[in-house]
Amino acid sequence: FRARMQDAPNVIVDWKPYMIDPGTNVMGEDFEAYNRRRWGGSGWTRHLKQEGQKDGAEFKKWNWWPNTMKSHCLVKFAQERNGIETSESNRVLFNA
């Protein structure tokens, strides 16, 4: 995936906020506990993980289901107050 991105043209993505589950605990939740509560288990992620591995997304640290509201607010604040593109803000957050 990363190798393919190096050869790609310079693309700027304007990210829009989207919360999968606004009912997520404000402090986040244990991944397995969240999936049991929401979908009865984490089986739905098996195919996603398999397909992601083909592109280098290993999901090794996917043990926490975050509440993303504050990160959405931070990205919006950075864009509106400082003109920072949402793609740059999200890149920094994803790598934190």
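Look up: the structure comes first, before these words.
As a convention, each chain's residues are numbered from 1 in the sequence order in which they are written. Two thresholds apply to this predicted model, a pLDDT of at least 70 for residue-level local features and 80 or more for giving and counting side-chain atom pairs, whereas whole-chain, interface and lining totals are computed over all residues. Only heavy atoms go into the side-chain values, all of them from the structure, while hydrogens and water stay out.

### Focus on the overall build of the protein chain
Then, in step 1: Counting its regular elements, the protein chain contains five helices and two strands.
Then, in step 2: Going from the N terminus to the C terminus, the protein chain shows its helices and strands as α-β-α-α-β-α-α.
Then, in step 3: Summarising its shape, the C-alpha atoms of the protein chain cover approximately 40 × 30 × 20 Å along the three principal directions.
Then, in step 4: Burial classes: relative accessible area under 20% of the type maximum marks a residue as buried, over 50% as exposed, and values in between as partly exposed (1.4 Å probe, protein chains only). When the 96 residues of the protein chain are sorted by exposure, 20% land in the buried category.
Then, in step 5: Throughout, a residue-residue contact means that at least one pair of heavy atoms, one from each residue, lies within 4.5 Å. Counted over contacts in the protein chain with a minimum sequence separation of 6, partners at least 24 positions apart contribute 56%. Elements are defined by DSSP. Helices are runs of H or I of four residues or more, strands are runs of E of two residues or more, and each kind is numbered from the N terminus.

### Considerations on the packing of aromatic side chains
Then, in step 1: The criterion for an aromatic pair is that two Phe, Tyr or Trp rings (for Trp, the six-membered ring) have centres within 6.5 Å, with stacked assigned to planes under 30 degrees apart, edge-to-face to planes over 60 apart and tilted to the rest. Scanning the entire structure with this criterion turns up 11 aromatic pairs.
Then, in step 2: A centroid spacing of 4.4 Å and a plane angle of 10° characterise the contact between tyrosine 34 and tryptophan 65, whose relative ring orientation is stacked. Of the two residues, tyrosine 34 sits in helix α2 (residues 31-39) while tryptophan 65 sits in strand β2 (residues 64-65), which places them 31 residues apart along the sequence.
Then, in step 3: Accessibility expressed as a relative area gives 8% for tryptophan 65, which makes it buried.

### Quick word on a nonpolar patch on the surface
Then, in step 1: Patch rule: a residue counts if its relative accessible area is over 30% and it has no salt bridge; like charges are joined within 9 Å, and nonpolar side chains (Val, Leu, Ile, Met, Phe, Trp, Tyr) within 5 Å. What sets the accessible areas is the Shrake-Rupley method with a 1.4 Å probe; for residues, cover comes only from the shown protein chains. A pair is scored as a salt bridge if a Lys or Arg side-chain nitrogen falls within 4 Å of a carboxyl oxygen belonging to Asp or Glu. Among the surface-exposed residues, Val11, Val13, Trp15, Leu74, Phe77, Leu93 and Phe94 lie close enough to one another that they form a single nonpolar patch of about 670 Å² accessible area.
Then, in step 2: When contributions to the nonpolar patch are tallied by element, the ones reaching two or more residues are α4 (69-82) and α5 (86-94).
Then, in step 3: As for its placement among the helices and strands, valine 13 is situated in the loop between α1 (2-7) and β1 (29-30).
Then, in step 4: Overall, the relative accessible area of 42% leaves valine 13 in the partly exposed class.

### A closer look at the pattern of salt bridges
Then, in step 1: Counting across every chain of the model gives eight salt bridges.
Then, in step 2: Where lysine 54 meets glutamate 51, a salt bridge forms, and the shortest distance between an N and an O atom there is 2.9 Å. Here glutamate 51 and lysine 54 lie together in helix α3 (residues 45-54), a separation of three residues that amounts to about one turn.
Then, in step 3: On the basis of relative accessible area, lysine 54 is assigned to the exposed category, the value being 62%.
Then, in step 4: One network of salt bridges, with partners in common, ties together Asp21, Glu29, Arg37 and Arg38.

### Some thoughts on unusual backbone geometry
Then, in step 1: One non-glycine residue with positive phi stands out, namely phenylalanine 59, at about 55°.
Then, in step 2: Within the element layout of this structure, phenylalanine 59 appears in the loop between α3 and β2.

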